[in-house]
Amino acid sequence: MAKILVTGGTGYIGSHTAVELHNAGYEVVIVDNLSNSNIKILTQLHAITGKWFDFHEIDLQDDKAVQEFAEKNTDIDGIIHFAASKAVGESVEQPLKYYRNNFYGLINLLTSFNRKINFVFSSSCTVYGQPESLPVTEAAPVQKAESPYGNTKQIAEEILAETAAVTPDLNVIALRYFNPVGAHETALIGELPNGVPANLVPFITQSAIGKRGPITVYGNDYDTPDGSAIRDYIHVVDLAKAHVAAIKLLETGNPNGNYDVFNIGTGKGSSVLEIIAAFEKVNNEKLDYKIGPRRAGDIVQIYGDVQKSNKQLGWKASLDINEMMRSAWEWEKYIKANPF
Ligand code: NAD
Ligand code: WQD
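Residues numbered from 1 in each chain as written. Chains lettered and ligands numbered in written order. Predicted model: local features only at pLDDT ≥ 70, side-chain atom pairs only at ≥ 80, totals over all residues. Heavy atoms only, no water.

## Regarding the UniProt feature "domain: NAD(P)-binding" (unreviewed entry) in the protein chain
As recorded in UniProt, the feature "domain: NAD(P)-binding" (unreviewed entry) lies at residues 5-326. Annotation note: span residues 5-326, helix share 39%, strand share 18%, distance between end C-alpha atoms 30 Å. (UniProt positions renumbered as here; feature names shortened; annotations may be inferred. Helix = DSSP H or I, 4+ residues; strand = E, 2+ residues; numbered from the N terminus.)

Structure, rendered in structure tokens:
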């Protein structure tokens, strides 16, 4: 049973990935500093899997702690590196927080695990900006980042590619996620946004439950069929499974070499208004929304070409926007009834 270190494993995507790794027969070790997650997630993971995951409260910025952890855990075969700061708006306000956390964590891990290791990195479709043609393939040019957060993802990919080029023992896959939404089918884990959600789906669920006021649709005058902006929403459980597929490809040896990049989306775009309509229909809930101005920095539309991940990772998204909206709503109701 291979042992996988999940950094940021009590976070939103990391917790779902811990479950899927366990289901696939892996031993999971979690490292998190709980800066954006709750220790109670471990109890939730136990309720889902029957397993208490090995957990270490470590700040990846602490180079000595990471070094000590790596020296004690020589049996780790792979790392899935989720731990990072991820709020786009906050990164504009506090760029150094983002450059410090997202780079030091990555560099400390790579330095301390300087041995044979498989490494999966959380990148983002944000690296494409507004692509010239859609669906966007992995070969599309990376565009100047709109935010320090986006810049950390672009530069982290470069750090990994350059390090892999001179480190044959380091086998890397960067996954460029599109828009992760939804929650586990048990409704025991899901996204726990800090403060007022900037992202669409958590705002929808919090508005529906009465925690927030009306939803603002940021623009209905885009050049899209209904005028609202289009994204490739991906169910977090499908996304979690993509990480298991990436680890498996690294284990068998990636014919493309020791650094590779994959889009992880459904390949289908949905507009803001379509998301709202799907939520209302599948949950039989009326949403209170109004049309507002466009949000600064937003692109018009993006959706991924997922042929490479379908073929080479042998992975395909299977859950549709109805299931995304259903599970997101079940989770919101669960967390209201059972606050952490
Ligand atoms: P999250 O905030 O829920 O999870 C990240 C976890 O990392 C948190 O539990 C946090 O406490 C931990 N963490 C942060 N800094 C740390 C540090 N220095 N040491 C130890 N732990 C630390 O975020 P998420 O949505 O699960 O995102 C996971 C990864 O995926 C991030 O790298 C993010 O940038 C990337 N990503 C997210 C999205 C998205 O929309 N959610 C999209 C694309 C990429
Ligand atoms: C989706 C759509 C909004 C809120 C962000 C990051 C990206 C990635 C995923 C990490 C847009 C519209 C939103 C609202 C709205 N994260 N919207 N009303 O901006 O596509 O991507 O998260 O890597 O880097 O930038 O996601 O959920 O904020 O917005 O109309 O209250 O919903 O304008 O069209 P986004 P989002």
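## A closer look at the nonpolar core
Of all hydrophobic cores here, the largest spans 39 residues; its most connected members are Leu45, Leu175, Ile264 and Leu313. When contributions to this core are tallied by element, the ones reaching two or more residues are strand S1 (3-7), helix H1 (12-23), strand S2 (27-32), helix H2 (41-49), strand S6 (170-177), helix H8 (236-252) and strand S11 (259-264). With ten residues, the top contributor of residues to this core is H8. For isoleucine 264, the contacting residues outside a window of four places in its chain are Leu175, Arg176, Tyr177, Phe178, Ile234, Leu239, Ala242, Ser309, Leu313 and Trp315. (Core = buried A, V, L, I, M, F, W, Y, C linked by side-chain atoms within 4.5 Å. Buried < 20%, exposed > 50% of the residue type's maximum accessible area, 1.4 Å probe, protein only. Contact = heavy atoms within 4.5 Å.)

## Brief notes about the site of ligand 2
If you check the shell around ligand 2, you find 17 residues, and the closest are Ser124, Tyr149, Thr216, Arg231 and Asp298. Between an oxygen atom of ligand 2 and a side-chain N or O atom of asparagine 179, the distance comes to 3.0 Å. Calculation on ligand 2 without its partners gives an accessible area of 680 Å², and the protein chains cover 87% of this total. By residue number, the principal contributor to the shell around ligand 2 is strand S8 (residues 215-218), which donates three residues. Its residues placed into classes, the shell around ligand 2 shows nine nonpolar, five polar and three charged. (Near = heavy atom within 4 Å. Polar contact = N/O pair within 3.5 Å; in protein donor to acceptor, adjacent residues only side chain to side chain. Areas by Shrake-Rupley, 256 points an atom, 1.4 Å probe, with all protein chains shown as cover. Nonpolar A, V, L, I, M, F, W, Y, C, P; charged D, E, K, R; others polar.)

## Quick look at the site of ligand 1
Of all residues adjacent to ligand 1, which total 26 residues, the nearest are Asp32, Asn36, Ser37, Asn101 and Tyr149. One of the backbone nitrogen or oxygen atoms of isoleucine 13 is found 2.8 Å away from an oxygen atom of ligand 1. Expressed as a share of its isolated accessible area of 820 Å², the protein-covered part of ligand 1 is 94%. Listing elements by their share of the shell around ligand 1, those giving two or more residues are H1, strand S5 (117-124) and helix H6 (148-165). In terms of residue count, the dominant contributor to the shell around ligand 1 is S5 (three residues). Residue classes in the shell around ligand 1 are distributed as eleven nonpolar, eleven polar and four charged.

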